[in-house]
Amino acid sequence: MAEMVIYQDTKNHIIWASRAATDSVNLTAEELKGRICYKVWHKRAEPCVDCPVLKAIETGQVQHTEMASPDGKIWSVRGVPLKDKNGVITGAVETVLQVTEKKRIEQAL
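Definitions and cut-offs
The residue numbers shown here count from 1 along each chain, following its written sequence. Only residues with pLDDT of at least 70 get local features here, since the model is predicted, and only at 80 or more are side-chain atom pairs given and counted; chain-wide, interface and lining totals rely on the full set of residues. As a convention, hydrogens and water are excluded, and side-chain values are obtained from all of the structure's heavy atoms. A run of H or I in DSSP counts as a helix once it spans at least four residues, and a run of E counts as a strand once it spans at least two, with each numbered from the N terminus. Each residue gets one of three labels from its accessible area relative to the maximum for its type: buried under 20%, exposed over 50%, partly exposed in between, using a 1.4 Å probe on protein chains only. Any pair of residues with heavy atoms lying within 4.5 Å of one another is described as a contacting pair. Two strands are counted as paired when DSSP detects at least two bridges linking them. All axes are obtained by fitting lines to C-alpha atoms, using only the stretch in contact for helices, and the reported angles, taken between N-to-C directions, cover 0 to 180 degrees. Among buried residues, those of type Ala, Val, Leu, Ile, Met, Phe, Trp, Tyr and Cys that are joined through side-chain atoms within 4.5 Å constitute a nonpolar core. Within 3.5 Å is the distance limit for a polar contact, defined as a pair of N or O atoms, with the added protein rule that one can donate a hydrogen and the other accept it, and that residues adjacent in sequence qualify only through two side-chain atoms.

Right, let's get into the environment of Val 80. Here Val 80 lies in strand β4 (residues 74–83). According to the relative accessible area criterion, Val 80 is partly exposed, its value standing at 27%. C-alpha of Val 80 to C-alpha of Val 40: the two residues are 40 residues apart in sequence and 20 Å apart in space. Not counting the four nearest positions on each side in its chain, Val 80 is found in contact with Ala 56, Val 62, Gly 91, Ala 92 and Val 93.

Right, let's get into the sheet that holds strand β3 (residues 63–68). With respect to topology, five strands assemble into an open sheet ordered β2-β1-β5-β4-β3, the strand pairing being antiparallel. Strands at the two margins of the open sheet, each flanked by one partner only, are β2 (14–17) and β3. Across the sheet, the mean angle separating the axes of adjacent strands is 25° when strand polarity is ignored. In terms of strand pairing, strand β1 (residues 4–9) meets strand β5 (residues 89–98) through six bridges, oriented antiparallel.

Right, let's talk about the nonpolar core for a bit. Counting 14 residues, the largest nonpolar core has Met 4, Ile 6, Ile 14, Ala 17, Ala 21, Leu 32 and Trp 41 as the members making the most contacts within it. Mapped by element, the contributors of at least two residues to this core are β1, β2, α1 (19–24) and α3 (37–41). If you tally residues by element for this core, the top one is α3, at three residues. Once residues lying within four places of it in the same chain are set aside, the contact partners of Trp 41 are Met 4, Ile 6, Ile 14, Ala 21, Ser 24, Val 25 and Leu 32. Within the second largest apolar cluster, five residues are counted, among which are Val 53, Leu 54, Ile 57 and Ala 92.

As a further point, take the side chain of Ser 76. By the element assignment, Ser 76 lies in strand β4. What makes Ser 76 buried here is its relative accessible area of 17%. There is a polar contact of 2.7 Å between the side chain of Ser 76 and the side chain of His 64. Dropping the residues within four chain positions of it, Ser 76 is found in contact with His 64, Thr 65, Glu 66, Thr 95, Val 96, Leu 97 and Val 99.

Rendered as structure tokens:
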């Protein structure tokens, strides 16, 4: 599966990460557990502007955006809120897929 999947709590702490996500930063799922998403992948001290995961947690709705990384790659990022049996948001699942080539083809057409 090429798509990265990261399960986070409401403060962006990683609870679980897929193989694609762990491979992207050369860490194991156990090494990622408890770390903060934006510090691991973006080397930032603060959350990304318009973070779809935080927006999903705040709104309770699925959020989607595209982000460019410093190396010029374009990423499709989706945040899906997770709720407990009482409807309380407990975190979110983030899915990330590189769409650089797709975007280049779209622009060329």
